[in-house]
Amino acid sequence: MCRSITFAPGKKVKLADIDPAGVQGDWTKETAAERVKENSLVTQGLADILYAENRHAVLLVLQGMDTSGKDGAIRTVMSGINPQSCQVTSFKVPSSEELDHDFLWRIHHATPRRGNIGVFNRSHYEDVLVVRVHNLVPEKEWKSRYQRINEFEELLVDGGVTFIKCFLHISKDEQRKRLQARIDDPLKRWKFAVGDIDERKLWPKYQQAYEDALSKCNTELAPWHIVPSDRKWYRNLVVSELLRKTLEKLNPKVPAADPKLDGLVIE
Ligand code: AMP
Ligand code: MG
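Here is a short report on the structure shown in this document. Note that the structure is predicted; figures quoted are calculated from it, not measured.

### Quick notes on the pattern of salt bridges
Once their charged atoms are close, side chains differing in charge can pair, the charge on each being opposite to the other. Applying the stated rule across the entire model yields 22 salt bridges. Of the charged contacts, one joins E53 and R55 as a salt bridge, the two residues approaching to 3.7 Å between their closest N and O atoms. Note that K191 and D71 form a salt bridge whose closest N and O atoms lie 3.3 Å from each other. Of the two residues, K191 is situated in the loop between helix 7 (172–184) and helix 8 (195–201) and D71 in helix 2 (residues 70–78); the sequence distance between them amounts to 120 residues. Taken together, the shared-partner salt bridges connect R35, E38, E241, R244, K245 and E248 into one network.

Shown next, in the form of structure tokens:
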């Protein structure tokens, strides 16, 4: 058994009370890797049927501090899935065109169509995280966004989207090690931006902004999952388990074939 950490809608979450290195169950790195492999095979099969059925969409939203493992989780849990039935969108600093629209415009455009699995590497939540921490819009504006996000997500759920919202929870010390590794490894250096050091100084403000986003946008329809992410193998296990369970629950079915095809032989 391994579980993401969930909490009741309306309850205020305190990140300091959740151990980012916590492991539930008696998993080891090796048994977790085996399970992730098994989950991958099941997920690939179900994703094919989801695509054939063309009824439901799944949206995996990944949020977390720099180095929390959003890219790594995507690489692990999405590998092997038919690329035609999934798409990954990474949300960066908005372009001037995007800024000329409401904050959900670019997000709505990237939501998965029926039959598909969409993955958001960062998301609309940046608009109450980095935007709030850096005062990129007036307080009144970002404060109004939690409700707008809840309504937007409700709209998508009504349209057939199932959300898996994951917050990859790491400790400040684990971030230090991972940032240092990016500097020290020539193959990882491209991932390091000098601005990451300034962002790290704002750690408490980000944690506060995350606590509000997690608490205010944790709805019955689109709940948040907190994923202890100091151990990469456990993070991968929890996210892959969530994707598998979600697809199993949707239980997609191959569309019924035309009965006229029974016994038909092609000459
Ligand atoms: P990375 O994920 O490392 O490629 O970095 C993407 C950067 O884009 C991060 O610094 C995000 O905070 C930033 N970003 C994403 N969405 C927004 C947004 N809506 N407003 C401002 N910055 C954003
Ligand atoms: Mg970065």
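### What about the nonpolar core?
Residues F120, Y125, F163, F167, L214, W224 and I226 are the most contacted members of the largest nonpolar core, which totals 38 residues. The set of elements that each furnish at least two residues to this core consists of strand 1 (57–64), helix 4 (105–110), helix 6 (139–158), strand 4 (161–169), helix 9 (203–216) and strand 5 (224–228). F163 has contacts with L59, V61, E153, L156, V157 and A222, leaving out every residue within four places of it along the chain. Grouped together as the second largest cluster of nonpolar side chains are 30 residues, Y234, L237, V238 and L242 included.

### Let's talk about the packing of helix 2 against helix 10 (residues 232–250)
One way to put it is that helix 2 packs onto helix 10 with a least axis distance of 9 Å and a crossing angle of 50°. Our classification of the angle between helix 2 and helix 10 gives oblique. Our pair here, helix 2 against helix 10, has a crossing hand that is right-handed. For the pair helix 2 and helix 10, contact is made by G72, A73, T76, V77 and M78 and by R235, N236, V239, S240 and L243, respectively. Its residues assigned to classes, the contact of helix 2 with helix 10 comprises five nonpolar, four polar and one charged.

### Concerning the site of ligand 1
Neighbouring ligand 1 are F91, K92, V93, P94, R106, R122, E126, D127, V130, V131 and L136. Between K92 and ligand 1, the recorded distance is 2.4 Å, taken from a side-chain N or O atom to an oxygen atom. At 2.6 Å from an oxygen atom of ligand 1 is found a side-chain nitrogen or oxygen belonging to R122. Summarising the interface, the protein chains cover 75% of the accessible area of ligand 1, which totals 500 Å² for the free molecule. The residue inventory of the shell around ligand 1, partitioned by class, reads six nonpolar, no polar and five charged.

### Focus: the packing of helix 1 (residues 29–53) against helix 10
When two helices pack together, you describe them by how their axes are tilted relative to each other and by the distance separating the axes. The contact between helix 1 and helix 10 brings their axes to 9 Å, and the two run at 30°. Taken together, the axes of helix 1 and helix 10 lie roughly parallel to each other. As for how helix 1 packs across helix 10, the hand of that crossing is left-handed. In this structure, helix 1 contributes K29, A32, R35, V36, E38, N39, V42, T43, L46, A47 and L50 to the contact, and helix 10 contributes W233, N236, L237, S240, E241, L243, R244, K245, L247, E248 and L250. When grouped by side-chain class, the residues that make up the contact of helix 1 with helix 10 number eleven nonpolar, four polar and seven charged.

### Observations regarding the sheet that holds strand 5
What the five strands build is an open sheet, ordered 2-3-1-4-5; its pairing is parallel. Taken across any chain shown, the strands that pair with only one partner, and hence form the sheet edges, are strand 2 (86–90) and strand 5. Mean inter-strand twist for the sheet, computed between neighbouring axes without regard to direction, equals 20°.

### Observations regarding the environment of I107
By the secondary structure assignment, I107 is in helix 4. A residue is classified by how much of its surface remains accessible, and I107, at 0% relative accessible area, is buried. Along the chain, I107 and H124 lie 17 residues apart, while their C-alpha atoms are 6.4 Å from each other. Apart from residues lying up to four places away in sequence, I107 is in contact with F91, F120, S123, H124 and F152.

### Here we look at the packing of aromatic side chains
Summed over all chains, the structure comprises five aromatic pairs. On the basis of an interplanar angle of 85° and a centroid distance of 4.9 Å, the ring pair of F91 and F120 is categorised as edge-to-face. Here the residue F91 occupies a position in the loop between strand 2 and helix 3 (96–99), and F120 occupies one in strand 3 (residues 117–121), the gap between them amounting to 29 residues. A single burial state applies to F91 and to F120, both of which are buried.

### Focus on helix 6
Look at helix 6: 30 Å from first C-alpha to last across 20 residues, which is about the 28 Å you get at 1.5 Å a residue. Along helix 6, the helix axis deviates most sharply at Y146, where the bend reaches about 30°. Of all the residues in helix 6, the buried ones are W142, R145, Y146, I149, N150, F152, E153, L156 and V157. Packing partners of the buried residues in helix 6 comprise helix 4, helix 5 (130–133), strand 4 and helix 9. Just downstream of helix 6 lies G160, where phi reads positive at about 105°.

Rules used in this analysis
Residues numbered from 1 in each chain as written. Chains lettered and ligands numbered in written order. Predicted model: local features only at pLDDT ≥ 70, side-chain atom pairs only at ≥ 80, totals over all residues. Heavy atoms only, no water. Salt bridge = Lys/Arg side-chain N within 4 Å of Asp/Glu carboxyl O. Helix = DSSP H or I, 4+ residues; strand = E, 2+ residues; numbered from the N terminus. Core = buried A, V, L, I, M, F, W, Y, C linked by side-chain atoms within 4.5 Å. Buried < 20%, exposed > 50% of the residue type's maximum accessible area, 1.4 Å probe, protein only. Contact = heavy atoms within 4.5 Å. Axes fitted to C-alpha atoms, helices over the stretch in contact; angles between N-to-C directions. Parallel < 35°, antiparallel > 145°, perpendicular 65-115°, else oblique. Left-handed = near helix turned anticlockwise from the far one by under 90°. Nonpolar A, V, L, I, M, F, W, Y, C, P; charged D, E, K, R; others polar. Near = heavy atom within 4 Å. Polar contact = N/O pair within 3.5 Å; in protein donor to acceptor, adjacent residues only side chain to side chain. Areas by Shrake-Rupley, 256 points an atom, 1.4 Å probe, with all protein chains shown as cover. Pairing = 2+ DSSP bridges. Phe/Tyr/Trp six-rings, centres within 6.5 Å; stacked < 30°, edge-to-face > 60°. Expected span 1.5 Å × (residues − 1). Bend = angle between axes of the 7 residues up to and from the residue.

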